[in-house]
Amino acid sequence: MDQPIFLMTEPDHFGVVYQINPWMRPDSWHADPVAGLSAARAASRALRAALIETGAKVEMIPAAPGLPDLVFPANAAIILDGVVVPARFRHPERQGEEAMFRAAFETLKARGLVTEIVELPPDVIQEGAGDCIWDADRGLFWVGHGQRSSANSVPAIAQAFGKPLVALELASPRFYHLDTCFCPLQGGKLLFYPPAFTPEALAAIHSQVAPKDRIEASDEEAQAFCVNAVNFGRQVVMAKAPQSLRHKLTALGYRLHEVDLAPFILSGGGAYCMTLRLDRRSGSAQLRIRA
Ligand code: ARG
């Protein structure tokens, strides 16, 4: 397998200073922002170190004042085969990130790390890889909508990439991005949290994923932001996991790396959304590494 490359953002201007999802608690943050920021710096460093230790490369982009959620680049774009489709954020609080990330993608393009930047139609809201997850084993995108990304992002993504996709409507404000409740693992397993989906979305998941490949997360596991995991090969990097999940994944042959991401969970994010995979290919190179 090629060495995976992830984008992360420096956490220097991170904070929980507004509330755009039910996890965000500005009151707790404001009780001690200095301690919060120092914990966030340590957590971000630990995540970066865990990714590097497991064999990945990490590209960092700088923080920007006034954009505390810039630390979640999973929301910045969908990237496949070098094609970058930049996000359009639902909430004004995050819309300022669009220009920052766009500049970062232009730089990555100039360096040859991505090849093309393709725009979504103007009336589409789409929050990047947080709501559009490539499944290498099945050769398709899983596309979340209904909380942040709009339903019309589904045909727009189909148009931009020309790849098969399965749309999944999200049912819960607490699991507002697909990546909070859905994580395909290489080898064909799927870690997911059923209560986050509408009945139609669950039926769509069941039609694509055989019962033996379904790993259903418990309430506790989902609330620990452990479904929001980074996976490549057998490596799985996630927030501190309940014992139950550690056992399930280890028994299936995955190697779990846990990082204390508490400051970012206070913003409603975990390991996956703090990263954006830059080098994902749809071809055979990353396909079917059987666990
Ligand atoms: N505070 C951020 C927001 O509400 C957290 C984003 C987490 N990202 C994710 N892909 N789940 O937008």
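The coordinates are above.
What you see is a predicted model; the values in this text were computed from it and never measured.

Focus on the pairing of strand β14 (residues 255–259)
Direction of pairing for strand β13 (residues 235–239) relative to β14: parallel, over a ladder of five bridges. When the bridges of β14 are listed, Gln235 appears paired with Arg255. With helix α8 (residues 243–251) bridging β13 and its parallel neighbour β14, the resulting β-α-β unit is right-handed.

Thoughts on the state of the cysteines
In the structure shown here, the tally under the stated rule is zero disulfides. With no disulfide of its own, Cys132 lies closest to Cys181 among cysteine sulfurs, the gap being 14 Å. Looking at Cys181, it has no disulfide partner, and the nearest cysteine sulfur is the one in Cys183, 11 Å off. Judged by its relative accessible area of 0%, Cys181 falls in the buried class.

A look at unusual backbone geometry
Of note, the phi angle at Asp81 is positive, near 55°, even though the residue is not glycine. Mapped onto the secondary structure, Asp81 falls in the loop between β3 (77–80) and β4 (83–86). The class of Asp81 is partly exposed, set by a relative accessible area of 29%. Here Phe225, not a glycine, exhibits a phi torsion of approximately 60°, which is positive. Relative to the helices and strands, Phe225 resides in the loop between α7 (219–223) and β12 (230–232). A relative accessible area of 1% means that Phe225 is categorised as buried.

Section: the site of the ligand
For the ligand, the set of nearby residues contains 17 residues, the closest of which are Asn21, Arg94, Arg148, Asp179 and Ser267. Separating a nitrogen atom of the ligand from a side-chain N or O atom of Asn75 is a distance of 2.9 Å. Between the ligand and Arg148 there is a distance of 2.8 Å, counted from an oxygen atom to a side-chain nitrogen or oxygen. In isolation the ligand exposes 350 Å². Once the protein is present, 100% of that is buried.

Section: the nonpolar core
Most often, soluble globular proteins have nonpolar side chains that are buried together. If you look at the biggest cluster of nonpolar residues, it comprises 91 residues, and the most contacted ones within it are Leu51, Phe105, Leu168, Phe182, Phe197 and Ile205. Of all the elements, helix α2 (residues 33–53) adds the most residues to this core, at six residues. Excluding residues within four positions of it along the chain, Leu168 makes contact with Trp142, Val143, Gly144, His145, Leu178, Phe182, Phe197, Ala201, Ala204 and Ile205.

Thoughts on the sheet that holds strand β15 (residues 276–277)
The strand order across the open sheet formed by three strands is β2-β1-β15, and the pairing between neighbours is mixed. Edge positions in the sheet fall to β2 (57–61) and β15, since each of these pairs with one other strand and no more. Of the strand pairs in this sheet, strand β1 (residues 5–9) and β15 are connected by two bridges, and their pairing is antiparallel. Looking across to β15, one finds that Leu7 is bridged to Leu276. Across the sheet, α2 touches β1 and β2, and the angle it forms with β1 is around 175°. Those strands touched by helix α4 (residues 97–110) are β1, β2 and β15, and its axis lies near 145° from that of β1.

Here's the deal with the environment of Lys109
Inspection of the secondary structure puts Lys109 in helix α4. Considering only alpha carbons, one finds Lys109 and Gly82, 27 residues apart in sequence, at a separation of 8.9 Å. Once residues lying within four places of it in the same chain are set aside, the contact partners of Lys109 are Val114, Thr115 and Ile117.

Thoughts on the side chain of His257
Within the secondary structure, His257 is located in strand β14. A relative accessible area of 14% means that His257 is categorised as buried.

Quick look at the sheet that holds strand β5 (residues 116–117)
Strand order in the open sheet formed by three strands is β3-β4-β5, and the pairing between neighbours is mixed. Looking at strand neighbours, the two that pair on one side only are β3 and β5, the edges of this open sheet. Sheet topology note: the β4/β5 ladder contains two bridges and is parallel. Among the inter-strand pairings, Val84 is bridged to a residue of β5, identified as Ile117.

Regarding the packing of aromatic side chains
In the structure shown here, the tally under the stated rule is 13 aromatic pairs. Between Trp142 and Phe182 the ring centres are 4.9 Å apart and the planes differ by 55°, which places this aromatic pair in the tilted class. Taken as a pair, Trp142 in strand β7 (residues 140–145) and Phe182 in strand β9 (residues 182–185) lie far apart in primary sequence, 40 residues in all. For the residue pair Trp142 and Phe182, the accessibility class agrees, reading buried in each case. What links up through ring pairs into an aromatic cluster is the set Phe14, Trp29, Phe72 and Phe264. One residue, Arg174, lies across the ring of Trp23, its end atom 4.2 Å from the ring centre.

What counts, and where the lines are drawn
Residues numbered from 1 in each chain as written. Predicted model: local features only at pLDDT ≥ 70, side-chain atom pairs only at ≥ 80, totals over all residues. Heavy atoms only, no water. Pairing = 2+ DSSP bridges. Helix = DSSP H or I, 4+ residues; strand = E, 2+ residues; numbered from the N terminus. Right-handed = clockwise from strand over helix to strand, strands pointing away. Disulfide = S-S within 2.5 Å. Buried < 20%, exposed > 50% of the residue type's maximum accessible area, 1.4 Å probe, protein only. Near = heavy atom within 4 Å. Polar contact = N/O pair within 3.5 Å; in protein donor to acceptor, adjacent residues only side chain to side chain. Areas by Shrake-Rupley, 256 points an atom, 1.4 Å probe, with all protein chains shown as cover. Core = buried A, V, L, I, M, F, W, Y, C linked by side-chain atoms within 4.5 Å. Contact = heavy atoms within 4.5 Å. Axes fitted to C-alpha atoms, helices over the stretch in contact; angles between N-to-C directions. Phe/Tyr/Trp six-rings, centres within 6.5 Å; stacked < 30°, edge-to-face > 60°. Lys NZ or Arg CZ within 6 Å of the ring centre and 35° of its normal.

In short, shape yes, function no, at least from these values alone.
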